[in-house]
Amino acid sequence: LARTVAFGGRTLGDDSAKYLNSPETGLFSKSRVLYGFDQARRAIEKQRTAIIVEGYMDAVLLVQHGFDQVVATLGTALTDAHVKLLRPLATQVYLCFDSDAAGVRAADRAVELALRAQIDVRVVALEDKDPADCVVASGAEGFQQRLKSAVDALQFKWSQTVTSLDGG
């Protein structure tokens with residue numbers, strides 16, 4: 001039985017925040033809740049795979065294109081509590097965060113958490129701004145190709161280390 005614990009929505013106009021969520025309460029904490037988990041749980045368990053995105057619009061668009069194992073971190077970093085929700089269900093996780101600097105940093109931190117939980121982690125590279133843009137532009141087949149070309153977590157970490165040493 002799923003129950004609503006909070007609300008969220010996209011701002012209209014020139015608000016400094018892109019999304020607005022309910023305030024944190026005893027029932028709702030972004031660090032403990034994965035958006036769409038209640039609906040994705042069965043697909044994650046069946047496929048033993050989860051796709052993690054940053055925002056709920058990314059999750060909604062991916063589900064609309066047939067990716068039922070998608071959850072979103074609601075714009076916050078992946079946490080130990082999120083990993084604990086996924087660990088009993090998934091042996092493989094695809095991190096599909098925005099391609100901006102904040103998204104890359106979030107993926108870097110998420111890789112460390114998931115590796116500690118002994119989950120096979122893959123990082124999906126997106127040239128597009130975010131997963132929603134990618135699936136709209138290239139369709140389900142294009143996004144599936146991105147999943148297939150996802151890099152192993154350690155390869156991603158090595159690439160990040162080399163980039164930081166090169167000053168980029």
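Residues numbered from 1 in each chain as written. Predicted model: local features only at pLDDT ≥ 70, side-chain atom pairs only at ≥ 80, totals over all residues. Heavy atoms only, no water.

A. A look at the sheet that holds strand E3 (residues 49-53). Strand order in the open sheet formed by five strands is E4-E3-E5-E6-E7, and the pairing between neighbours is mixed. Each edge of the open sheet is held by one strand with a lone partner, namely strand E4 (70-72) and strand E7 (151-152). The pairing of strand E6 (residues 120-123) with E7 spans two bridges and is antiparallel. For Val-123, the partnering residue across the bridge sits in E7 and is Val-151. (Pairing = 2+ DSSP bridges. Helix = DSSP H or I, 4+ residues; strand = E, 2+ residues; numbered from the N terminus.)

B. Molecular detail of unusual backbone geometry. Even without a glycine there, the phi angle at Arg-48 is positive, about 60°. Along the chain, Arg-48 falls in the loop between helix H1 (37-47) and E3. The partly exposed category is assigned to Arg-48, whose relative accessible area is 31%. Positive phi outside glycine occurs at Gln-118, with the angle close to 60°. Positionally, Gln-118 belongs in the loop between helix H4 (101-116) and E6. By relative accessible area, Gln-118 is classed as exposed at 64%. (Buried < 20%, exposed > 50% of the residue type's maximum accessible area, 1.4 Å probe, protein only.)

C. The layout of surface pockets, seen in detail. Its boundaries defined by the atoms lining it, the largest pocket holds a volume of some 560 Å³. In terms of lining, the largest pocket is formed by 21 residues, of which the most central are Val-5, Val-33, Tyr-35, Gly-36 and Asp-38. Secondary-structure elements contributing two or more residues to the lining of the largest pocket are H1 and helix H2 (56-64). The element contributing the most residues to the lining of the largest pocket is H1, with three residues. Looking at the lining of the largest pocket residue by residue, the class counts come to 13 nonpolar, five polar and three charged. As a volume, the second largest pocket reaches approximately 380 Å³. Along the walls of the second largest pocket sit 17 residues, with Lys-18, Tyr-19, Gly-55, Gly-75 and Asp-98 positioned nearest its centre. (1 Å grid on protein atoms, 1.4 Å probe; cavity = no way out; pocket = protein on both sides within 12 Å on 5 of 7 lines; lining within 4 Å. Points joined across faces, edges and corners; volume = space filled by probe spheres on them. Nonpolar A, V, L, I, M, F, W, Y, C, P; charged D, E, K, R; others polar.)

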